Amino acid sequence: MAESLKNHLRRRAVVIAERMELELTVAGTEYAPLERAVFKSTKNNTKAPKEKHILFLNRAIADGEQKKTVLKMFARRLKEVGSSSVNSASLAAGLKTLAVWHRCLNSGDSSFLVLCSQYAHVVEPPASNPLGLLYGAYLRELLACYFKCKHAYHRENDMEESRIETIPTLQLIEHVKCLVAQMLKLLECDIQGGLIDIKTRAAVQYTINLLLLDAIPLFGALCKAGKRITQVMGRLDEHQAGSMARAYLEFSQMPQKLLTMIKQVSYDKESAPSLTSFDERSFEAFASRLKDTERWLASEDGSYDTVKALADVARSTNGTRSYLDDEGEEEVVAATITLAEIEEDQKPSRQLPASAAAAMRALALTASSSPPIRRVADEPTASTASLIDFGPAQDEGGHAKHDSEAVRGEVWDPFGAPALQSNPFETDSFAASPAAVGGG
């Protein structure tokens, strides 16, 4: 539906009023060129952002002293486009602000990306812009992923090795979670409904093209991560194996969704980013890679059922939990043996040689016909002596009586004949004699 003349004149009047207010505010100031570039690249019109304004902002970001200034301008601009009346032009302005911000995150070195990752909360599109909310959620997830991984996987290229192939296994687990979360937020940006409105068509299509550009290296990193998961799944503990199995399930469903999304790419000059990586050949190669991945996921080696089986084996490992060292190369297995098992292992073996067993039986027979041995450690305390029967009765003198013919002073020797010894307690060598006492 074409824009009516009345609506066109009204929109143009709003843009002119905003421009006049901007000039009255920033004219002659140090940051006036930056303010003009931000405004012109995100103003309320039906066109995509102009490349010359984006390049000017990229050059300003390369200057370390102006990064925070550009970040503040983007955050303020998001609030400005949300405060105006809700119409197609204001919705387009919100998407364009996020798209220009997105372009700046992907330009030059990662210094601006590092700065924005520390202030991801400022990427807050107005609630009146549903398309902007989806796009803003993806950009926040992008910044969160970079903050955790310290690497921009959406900026990798095929000319260099992906970092996901070289990091230790413990880091692989954390990076896979971030990659899956970022890709899911990208796939949630189902904003093709905006293509119906002619006034927002250019801004929406420009946004879709930028998202698909990010999807190419993101999916490449996920493919390499998926193959590593199948290799290390048996070395993970129960929690790690379950987490990676769920991540692999999400990954196995992504190719079909991306093949649907890639059909929305547009090479129209009005909505195509002026980037060397954005060409028809790149997206044809991406579509071919998605189909190859689908075939691999359908095979026995790459299917989710295979990964799930490996995860189940890792979870059901008998009494062990696997841990990976810092380098991710070696596995340290700590046995979770119970206390009862340890006590059982410490018990002496009950099986004895035949000769030793015969000797023990003979000793048991001898002990059964001989008086028991009383040890000092076995003496009962005064509180329990009357309640415990120790076996031998006592005579009137308080001396123990045995069934055998042993007499007082006789010490029983279990390995030989009884031997007579004097009782050391009958004579006290330290007691003084009566004569000595009387003489004193």
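Worth saying up front: this structure is predicted, and the values here are computed from it rather than measured.

### Some details on the overall build of the chain
When its secondary structure is counted, the chain shows 16 helices and four strands. Taking contacts inside the chain between residues at least 6 apart in sequence as the whole, the part at least 24 apart equals 71%.

### Side note on helix α8 (residues 169-187)
If you check α8, its first and last C-alpha atoms are 27 Å apart, about what 19 residues at 1.5 Å a residue would give, namely 27 Å. All of the buried residues in α8 are T169, L172, I173, H175, V176, C178, L179, V180, Q182, M183, L186 and L187.

### Observations concerning the pattern of salt bridges
Applying the stated criterion across every chain yields a total of ten salt bridges. Note that R103 and E51 form a salt bridge whose closest N and O atoms lie 2.6 Å from each other. Of this pair, R103 sits in helix α5 (residues 88-105) while E51 sits in helix α3 (residues 51-62), placing them 52 residues apart in sequence. In this structure E51 comes out as buried when scored by relative accessible area, which is 19%. The structure contains a network of salt bridges with shared partners spanning E35, R76, R77 and E80.

### Some details on the nonpolar core
What tends to happen in soluble globular proteins is that the nonpolar side chains get buried as a cluster. Core analysis: the biggest nonpolar cluster contains 91 residues, and F74, W101, F112, Y135, Y138, M183 and F219 have the highest contact counts within it. Counting residues per element, this core draws most heavily on helix α9 (residues 201-232), at 17 residues. The contact partners of M183, leaving out residues within four places of it in the chain, are A215, L218, F219, L222, M254 and L258.

### Section: the environment of L34
Locating L34 in the fold gives a position in helix α2 (residues 32-42). Linking L34 and T69, residues 35 residues apart in sequence, is a C-alpha distance of 8.7 Å. Dropping the residues within four chain positions of it, L34 is found in contact with F56, L57, A60, Q66, T69, V70 and M73.

### Observations regarding the packing of α8 against α9
In the contact formed by α8 and α9, the axes pass within 10 Å of each other and the chain directions differ by 145°. α8 and α9 meet at a crossing whose hand is left-handed. Judged by residue contacts, T169, L172, V176, L179, V180, Q182, M183 and L186 of α8 engage L211, D214, A215, L218, F219, A221, L222, A225, R228, I229 and V232 from α9. When its residues are assigned to classes, the contact of α8 with α9 shows 15 nonpolar, two polar and two charged.

### Thoughts on the packing of aromatic side chains
Within the structure shown, the criterion is met by seven aromatic pairs. Where Y267 meets F283, the ring centres are 6.3 Å apart and the plane angle is 70°; that geometry is what we call edge-to-face. Taken together, the residues Y267 in the loop between α11 (254-261) and α12 (280-298) and F283 in helix α12 connect sequence positions 16 residues apart. Classification of Y267 by relative accessible area gives partly exposed; the value is 36%.

### Quick word on α3
Counted at 1.5 Å a residue, the expected span for α3 with its twelve residues is 16 Å, and the 17 Å between its end C-alpha atoms agrees. All of the buried residues in α3 are E51, H53, I54, L57, N58, A60 and I61.

Rules used in this analysis
Residues numbered from 1 in each chain as written. Predicted model: local features only at pLDDT ≥ 70, side-chain atom pairs only at ≥ 80, totals over all residues. Heavy atoms only, no water. Helix = DSSP H or I, 4+ residues; strand = E, 2+ residues; numbered from the N terminus. Contact = heavy atoms within 4.5 Å. Expected span 1.5 Å × (residues − 1). Buried < 20%, exposed > 50% of the residue type's maximum accessible area, 1.4 Å probe, protein only. Salt bridge = Lys/Arg side-chain N within 4 Å of Asp/Glu carboxyl O. Core = buried A, V, L, I, M, F, W, Y, C linked by side-chain atoms within 4.5 Å. Axes fitted to C-alpha atoms, helices over the stretch in contact; angles between N-to-C directions. Left-handed = near helix turned anticlockwise from the far one by under 90°. Nonpolar A, V, L, I, M, F, W, Y, C, P; charged D, E, K, R; others polar. Phe/Tyr/Trp six-rings, centres within 6.5 Å; stacked < 30°, edge-to-face > 60°.

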